[in-house]
Amino acid sequence: MTKIETTPKTALILGGSSGLGLATAHKLASAGYAIVLVHRDRKSNIPNLEAEVAKMESFGVSVTTYNKDALKEETMQEVLAEIEAKSISVLIHSIAKGSLKALSGTEEVLSKIDIDITLHAMGTSWWQWTAALLQQDKFCKNVRNIAFTSEGNTKVWPGYGAVSAAKATLEALMRQMAIELAPHGITTNCIQAGTTETPSFKMIPGSDKLAEMAKRRNPFGRLTTPEDVANAVWLLCQEEGKWINGVVLRVDGGEGLR
């Protein structure tokens, strides 16, 4: 069994090969964090990811990747077995896997199985990993536990019913963890990104129209970038951010005000 090279500043990122997760990995690597990425990619995308990893490693940090399904118990146990005790200081949940089917209509509609898969992937899997890290004593002191939510938690978008339910679950878990995990030295927060053209966003039906609407709503006249969100993660990870706990932090340039 190979041990992951860890430091007192090690970030475990679930879903870190694109979008918000990848931008966060780059930002934290540039700040000196060792990076552990759990992702799921086709072989055709591996060369691109390897290039991204090389950029992170140029900051002098170790980067360990697992091209495995983070939702499987065996993946979680394999990764945790290779992580040293008391070494994870940041856990990022950035898994974007879910159904974008409508509740009704002539096309294939959302089923209970679709909802269950989406709820776990984008909601309850966050607690599953958090609980396992706690039970196996992998967290160090002053941990930042962060997940990404979206404005779809309260808005109605085409085909977003299952994901919206998952985001609501994610935020409910965040509030509970913020209280119950504080004695362990863990702060728990969600970041609500503004409209960001990630690969998962582009899969939403009518995403091009949503993006145009967001630009018109945003006071700065542009969409949120993955780097904007990664910067917010970095801010929460600072010593000065240790008293921020149990909040949904909007990172959208004011888009949500309109």
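Reference entry: report on the structure contained in this document. (Residues numbered from 1 in each chain as written. Predicted model: local features only at pLDDT ≥ 70, side-chain atom pairs only at ≥ 80, totals over all residues. Heavy atoms only, no water.)

### Here's the deal with the packing of aromatic side chains
Test applied: Here a pair means two rings of Phe, Tyr or Trp (six-membered ring of Trp) with centres within 6.5 Å. Their orientation is stacked below 30 degrees between planes, edge-to-face above 60, and tilted elsewhere. Geometrically, a charge over a ring is one whose NZ (Lys) or CZ (Arg) sits within 6 Å of the ring centre while staying within 35 degrees of the ring normal.
A full pass over the atoms with the stated rule returns 0 aromatic pairs. Its guanidinium or amino end placed over the ring of Tyr33, Lys9 lies 4.7 Å from that ring's centre, counting from NZ or CZ. The ring of Trp234 carries the charged tip of Lys27 above its face, separated from the ring centre by 5.3 Å.

### Let's talk about the nonpolar core
Using the following cut-off: What is meant by a nonpolar core is a set of buried Ala, Val, Leu, Ile, Met, Phe, Trp, Tyr and Cys residues, joined one to another through side-chain atoms within 4.5 Å. Only protein chains enter the calculation, and the probe is 1.4 Å; a residue is then buried if its accessible area is under 20% of its type maximum, exposed if over 50%, and partly exposed in between. Only DSSP runs of H or I covering at least 4 residues are called helices, and only runs of E covering at least 2 are called strands; the numbering of each starts at the N terminus. Whether two residues are in contact is decided by their heavy atoms: any pair within 4.5 Å suffices.
Residues Leu12, Val38, Val79, Trp126 and Trp129 are the most contacted members of the largest nonpolar core, which totals 40 residues. Counting residues per element, this core draws most heavily on helix α4 (residues 112-135), which supplies 6 residues. Other than its neighbours up to four places away in sequence, Leu12 contacts Val36, Val38, Val79, Ile83, Ile88, Val90, Leu91, Ile92, Trp129 and Leu133.

### Details of helix α3 (residues 73-81)
As a reminder, the rule being used: To be clear, the arc concerns the directions from the helix axis to the C-beta atoms.
The set of residues buried in α3 consists of Thr75, Met76, Val79 and Leu80. Taken around the axis of α3, the buried residues stretch over an arc of 125 degrees, which confines them to a single face. Next to the buried residues of α3 lie β1 (10-14), β2 (34-39), β3 (63-67) and α4.

### Quick word on the pairing of strand β6 (residues 186-193)
Put simply, the rule reads: Paired strands, as defined in this entry, are two strands with at least two bridges between them according to DSSP. A right-handed crossover is one whose linking path, passing over the helix from the first strand to the second, runs clockwise when the strands point away from the viewer.
Counting buried positions along β6 yields 8 of 8 residues, so the element is predominantly enclosed. With burial as the criterion, each face of β6 is covered, one bearing Ile186, Thr188, Cys190 and Gln192 and the other bearing Thr187, Asn189, Ile191 and Ala193. One ladder, built from 8 bridges, connects strand β5 (residues 139-150) with β6; its direction is parallel. The residue of β6 that forms the bridge with Val143 is Ile186. Remark: the β5/helix α5 (residues 161-180)/β6 crossover connection has right-handed handedness. For β6 and strand β7 (residues 248-251), the ladder comprises 4 bridges, and the chain directions are parallel. Looking across to β7, one finds that Cys190 is bridged to Val248.

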